[in-house]
Amino acid sequence: MPTANQITTVPVVVDNDKCIADKGCRTCIDVCPLDVLWIDEKTGKAHMRYDECWYCMPCEADCPTDAVTVNIPYLLR
Amino acid sequence: MTQLSDIKIKDIDVLVIGGGTAGPMAAISAKEKDPNASVMLLEKANVKRSGAISMGMDGLNNAVIPGHATPEQYTKEITIANDGIVLQKGVLEYAERSFGMIQKLDNWGVYFQKDETGEYDVKKVHHLGTYVLPMPEGHNIKKILYRRLRRNRVVVENRYQAIRLLKDDDGAVSGCIALATRDAEVIVIRAKAVVLCTGAAGRIGLPASGYLYGTYENPTNCGDGHSMAYHVGAELSGLECYQINPLLKDYNGPACAYVTGPLGGYTANANGDRFIECDYWSGQMMMEFYNELQSGNGPVFLKLDHLAEETIEEIEQVLHTNERPSRGRFHDGRGNNYRTKMVEMHISEIGFCAGHSASGVWVNEKGETTVSGLYGAGDMASIPHSYMLGAFVYGEICGQNAVEFAKNRSLPALDDSFILSQKERILAPLQREDGIPPHQFEYKLRRLVNDYLQPPKITKKMDIGLQRLKDMERDIEFLYARDPHELLRANEAQHVLDCALMAAQASMYRQESRWGLYHHFVDHPETNNEDWFCHVQLYKDDNDQMACKKRPVDPYVIELDEEEKTAYQKMRIQKVS
């Protein structure tokens, strides 16, 4: 099937220097209601894989290292 | 071809589907009533942060507290706010158990605002009575529920989407088929009783921003329960009485009534003038909101700029830390400041939600649906205007009754061929190598809902909308998912389509206008009590077709005074001449 490549600005941003997903942390991934945060296989860090965010903030509030920032999706800003 | 022996089957006494608000309470209550029963809570996300209250709740909207309100008065108010079409016994049952539930939650560590004398600090927001109780520490409510689940040893299964309910030869519910959302395993949970607590159907309409997940409701609440109940043969009720909410423009947070109202904020038009008597959310209030938007006085605003600094700080403290805490960030981005200017408001997309309106899976005062062994609670079930506290009360009722039902039943037999055919259907999008991506399917579907189904409702538009939606049913066999996550979305999108079809069918059936904007039917502009003072029940008929029928309103247990009946019709502020 053809895939059209488009870049997307995503609301949830993870600071790789602070994220400890590579040490086994799964907090933000566990709490996301929409299951849009996954491990990036290249870096071992959490990242937003699907642009399906309710900007509800458990990922940011529960992150033990303050690595996650939830921005308002561009379409709403 | 898969055999049934390839499918994992889990046996349980009581299965609760949905771990948001009503669901945890149902599971806890079932275990409290019978600690020996096995109880499973199945959740599509993670019960720690799921459902409408994932980040907490800023208050109780409908607390019936002795000294401030009586169950009879509350039942009257909700009857009037719903233009008389209510199962009063169901509302009264809630109202009588409301205070007991507040005390239970208080004992569990939920903090409710109290005044200087230690009494609950109840505020007036509704048109007639006083029922609003702030929860300034409401952000911790999910943690408190989670502790209770653990303490009562409820089996919690996260990241499963329930997709179809099962029933036995006698027509009683016998469990569900569920999809693991991260690895696409299909499993069967065989249960003696099932409680559906899947929340509102909040993904039927498209938010004006066009962002699929910018819905008022938590978008995980896409109508899974409504669709499952329909397919297993349960009746749904009042689906033409849409949920439509007044929100901030482009931001899905509620704006006014419960938090800012008691502190002096109000809904205003472009001139800064009040135009509605009462900001409590009702169809009539939404009608006035809509009229103002369409008029030369629009758009509509949340007005706080007349308030004192400390009042605004208090409002910000509540609104920016609870329920929808990204609101402050939204305002910062726009340069909005409650102190200096009014904030633009707008009307939300349509949905089904008994928490705010009256639409949902039909349940009676025992939480029973029309299918034996199947119970329903919370935003999904038909008890009107029940909000969070109603979800807790009916969660408790359902949990207690379901565990009792399960006690008298042996493990039901399973329908092998149904399970196997459903497994194939559920997984089909993953087997294809080409087709329609779920998000495109869903975007188109919800755009059609906005174009044709949202009020003002017009027969010709509804006809076209229904036809276009039925055309989309043929696209289901082309849905294509590349991974388990996309498969989840593909299955959700099919439930959204079911809900859209139900919204159209029920709306066309009720040939009158009622509930203000919720069922504003242009071809039938008047309320017609002679023919339509009844519930509209939607169900699957013997030919597997969607059908509607009338259900008489049960005789009232609390009579209304003539003058009270029209209290909610007089929403617009009358100009002094």
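Right above here is the structure, for reference.
Note that the structure is predicted; figures quoted are calculated from it, not measured. (Residues numbered from 1 in each chain as written. Chains lettered and ligands numbered in written order. Predicted model: local features only at pLDDT ≥ 70, side-chain atom pairs only at ≥ 80, totals over all residues. Heavy atoms only, no water.)

Observations regarding the overall build of chain A
The condition that has to hold: Helix and strand definitions follow DSSP, with helices as H or I runs of at least four residues and strands as E runs of at least two, each counted in order from the N terminus. All radius of gyration figures rest on C-alpha atoms, and the globule criterion is 2.2 Å times the number of residues raised to 0.38. Only protein chains enter the calculation, and the probe is 1.4 Å; a residue is then buried if its accessible area is under 20% of its type maximum, exposed if over 50%, and partly exposed in between. Residue contacts follow a heavy-atom distance rule, with two residues in contact if any of their heavy atoms lie within 4.5 Å. The method behind every accessible area is Shrake-Rupley, applied with a 1.4 Å probe, and residues are considered shielded solely by the protein chains displayed. Positive: Lys, Arg. Negative: Asp, Glu. His and the chain ends are not part of the count. Throughout, a charge is located at the NZ atom of Lys, the CZ atom of Arg, the CG atom of Asp or the CD atom of Glu.
Counting secondary structure elements, chain A contains two helices and four strands. Helices (α) and strands (β) of chain A occur, in sequence order from the N terminus, as β-α-β-β-α-β. Compactness check: chain A gives a C-alpha radius of gyration of 13 Å against a globular reference of 11 Å for 77 residues, within 12% of the reference. Viewed in the frame of its principal axes, chain A has a C-alpha envelope of about 35 × 30 × 20 Å. Relative to its full complement of 77 residues, chain A shows a buried share of 47%. Considering only residue pairs separated by 6 or more positions, chain A has 53% of its internal contacts joining residues 24 or more positions apart. Looking at chain A as shown, the accessible area adds up to about 4,200 Å², and 48% of this sits on carbon and sulfur atoms. Between the mean site of the 7 positive side-chain charges and the mean site of the 12 negative ones, chain A shows a separation of 5 Å.

Focus on the overall build of chain B
Of the regular secondary structure elements, chain B holds 15 helices and 17 strands. The C-alpha atoms of chain B give 23 Å as radius of gyration, which agrees with the globular expectation for 577 residues (25 Å, within 12%). Overall size of chain B, expressed as C-alpha extent along the three principal axes, is 75 × 55 × 50 Å. Counting only residues that meet the buried cut, chain B has 66% of its 577 residues in that class.

Quick look at the side chain of Asn218 of chain B
All names here are of chain B. Filter applied, for reference: Here a polar contact is taken to be a pair of N or O atoms separated by no more than 3.5 Å, where protein atoms must pair a possible hydrogen donor with a possible acceptor and residues adjacent in sequence count only if both atoms sit in side chains.
Here Asn218 shows up in the loop between strand 8 (186–196) and helix 5 (224–232). Judged by its relative accessible area of 1%, Asn218 is buried. One polar contact links the side chain of Asn218 to the main-chain carbonyl oxygen of Gly51, over a distance of 2.9 Å. Within the structure, the side chain of Asn218 is placed 2.8 Å from the side chain of Thr220, a separation counted as a polar contact.

Concerning the packing of aromatic side chains
Put simply, the rule is: Only Phe, Tyr and Trp rings take part, Trp by its six-membered ring, and two of them pair if their centres are within 6.5 Å. Stacked means planes under 30 degrees apart, edge-to-face means over 60, and tilted covers everything else. For a Lys NZ or an Arg CZ to count as sitting over a ring, it must be within 6 Å of the ring centre and within 35 degrees of the ring normal.
Summed over all chains, the structure comprises 11 aromatic pairs over all chains. Taken together, Tyr55 of chain A together with Tyr251 and Phe330 of chain B form an aromatic cluster joined through their ring pairs. Between Lys457 of chain B and the ring centre of Tyr242 of chain B, over which it is positioned, the NZ or CZ distance is 3.7 Å. Over the face of the ring belonging to Tyr539 of chain B we find Lys549 of chain B, whose NZ or CZ atom lies 4.9 Å from the ring centre.

Focus: the interface of chain B and chain A
Interface extent is often summarised as the accessible area lost during association of the parts. The test is simple: Summed over both partners, the accessible area lost on bringing two parts together, with a 1.4 Å probe, is the buried area. A carboxyl oxygen of Asp or Glu within 4 Å of a side-chain nitrogen of Lys or Arg is what we treat as a salt bridge. Nonpolar residues are Ala, Val, Leu, Ile, Met, Phe, Trp, Tyr, Cys and Pro. Charged residues are Asp, Glu, Lys and Arg, and all others, Gly as well, are polar.
If you look at the interface, chain B gives 38 residues, while chain A gives 32 residues. Across the interface of chain B and chain A, roughly 3,000 Å² is buried in total on both sides, 56% from carbon and sulfur atoms. At the boundary of chain B and chain A, one finds six salt bridges. At the junction of chain B with chain A, the criterion picks out 22 residue pairs in polar contact (both at pLDDT 80 or more). Taken together, the elements giving at least two residues each to the side of chain B that touches chain A come down to helix 8 (327–334) and helix 13 (484–509) of chain B. Class assignment of the residues belonging to the side of chain B that touches chain A gives a composition of 11 nonpolar, 13 polar and 14 charged.

Side note on the packing of helix 12 (residues 459–473) of chain B against helix 13 of chain B
Residues and elements named next belong to chain B. Note the threshold: Every axis corresponds to a line fitted to the C-alpha atoms, with the helix fit spanning only the stretch in contact, and the corresponding angles, defined between N-to-C directions, vary from 0 to 180 degrees. Note that the term roughly parallel is reserved for angles under 35 degrees, roughly antiparallel for angles over 145, roughly perpendicular for angles of 65 to 115, and oblique for everything else. Handedness of a crossing is defined here by the sense of rotation of the near helix relative to the far one, left-handed for an anticlockwise turn of less than a right angle and right-handed for a clockwise turn.
With their axes 10 Å apart at the nearest point, helix 12 and helix 13 run at an angle of 155° to one another. What the angle tells us is that helix 12 and helix 13 run roughly antiparallel. The element helix 12 and its partner helix 13 pack so that their crossing is left-handed. Between helix 12 and helix 13, the contacting residues are Thr459, Met462, Asp463, Leu466, Leu469, Lys470, Met472 and Glu473 on the first element and Leu497, Ala500, Leu501, Ala504, Gln505, Ser507 and Met508 on the second. Residues that form the contact of helix 12 with helix 13 fall into these classes: nine nonpolar, three polar and three charged.

Considering the sheet that holds strand 12 (residues 300–303) of chain B
Residues and elements named next belong to chain B. Short version of the rule: Two strands qualify as a pair provided that DSSP identifies no fewer than 2 bridges between them.
Taken in spatial order, the four strands of this open sheet run 10-13-12-11, and their pairing is antiparallel. The open sheet has two free edges, formed respectively by strand 10 (246–248) and strand 11 (266–268), since each of these has just one partner strand. Mean inter-strand twist for the sheet, computed between neighbouring axes without regard to direction, equals 40°. With three bridges connecting them, strand 10 and strand 13 (residues 343–347) associate as antiparallel partners.

A look at the pattern of salt bridges
Applying the stated criterion across every chain, the model contains 41 salt bridges over all chains. A salt bridge links Lys104 of chain B to Glu32 of chain B; the nearest nitrogen and oxygen atoms lie 3.2 Å apart. With Lys104 of chain B in helix 3 (residues 88–108) and Glu32 of chain B in helix 1 (residues 22–33), this pair connects stretches of sequence that are 72 residues apart. Lys104 of chain B gets classed as buried once you look at its relative accessible area, which sits at 16%. A salt bridge links Lys549 of chain B to Glu235 of chain B; its shortest N-O distance comes to 2.9 Å. Separated by 314 residues along the polypeptide, Lys549 of chain B in strand 17 (residues 546–552) and Glu235 of chain B in the loop between helix 5 and strand 9 (236–237) bring together distant segments of the chain. Here Lys549 of chain B falls in the partly exposed class, since its relative accessible area comes to 33%. Judged by relative accessible area, Glu235 of chain B falls into the buried class, the value being 14%. One network of salt bridges, in which partners are shared, links Glu52 of chain A together with Lys44, Arg203, Asp224, Glu442, Arg446, Arg489 and Glu492 of chain B.

Some words on the packing of helix 1 of chain B against helix 9 (residues 387–407) of chain B
All names here are of chain B. It is the contact of helix 1 with helix 9, at a shortest axis distance of 7 Å, that shows an interaxial angle of 40°. Classified by the angle between their axes, helix 1 and helix 9 sit oblique to one another. Here helix 1 runs over helix 9; the crossing is right-handed. Between helix 1, through Ala22, Met25, Ala26, Ser29, Ala30 and Lys33, and helix 9, the contact on the second element is made entirely by Ala391, Phe392, Gly395, Glu396, Gly399, Gln400, Val403 and Glu404.

Considering the layout of surface pockets
Just so we agree on the cut-off: For each structure, a 1 Å grid was placed over the protein atoms alone; sets of points admitting a 1.4 Å probe that cannot get out are labelled cavities, open sets with protein on both sides within 12 Å along at least five of seven lines are labelled pockets, and lining residues have an atom within 4 Å of a point. Grid points are joined across faces, edges and corners, and a volume is the space filled by probe spheres set on the points.
Of the pockets and cavities examined, the largest pocket occupies roughly 1,500 Å³. Forming the boundary of the largest pocket are 35 residues, of which Gln6, Thr8 and Asp51 of chain A together with His439 and Arg482 of chain B lie nearest the centre. Taken together, the elements giving at least two residues each to the lining of the largest pocket come down to strand 3 (46–48) of chain A together with helix 11 (438–453) and helix 13 of chain B. The element contributing the most residues to the lining of the largest pocket is helix 11 of chain B, with five residues. Class assignment of the residues belonging to the lining of the largest pocket gives a composition of 18 nonpolar, nine polar and eight charged.

Side note on helix 9 of chain B
Put simply, the rule reads: Working rule for helices: expected span equals 1.5 Å times residues minus one.
Under the 1.5 Å per step criterion, the end-to-end length of helix 9 of chain B is 30 Å for 21 residues, consistent within 8% with the ideal 30 Å. Counting buried residues in helix 9 of chain B gives 16 out of 21 residues, a clear majority hidden from the surface.

Considerations on the nonpolar core
Residues and elements named next belong to chain B. Using the following cut-off: Here, nonpolar core means buried Ala, Val, Leu, Ile, Met, Phe, Trp, Tyr and Cys residues that are tied together by side-chain atoms lying within 4.5 Å of each other.
If you look at the biggest cluster of nonpolar residues, it comprises 204 residues, and the most contacted ones within it are Leu15 and Leu165. Those residues in contact with Leu165, other than ones at most four positions away along the chain, are Ile17, Val173, Gly175, Cys176, Val194, Leu196, Met228, Ala229, Val232, Leu374 and Phe418. Leu166, Val188, Leu420 and Leu487 belong to the second-largest nonpolar core, a separate cluster that totals 16 residues.

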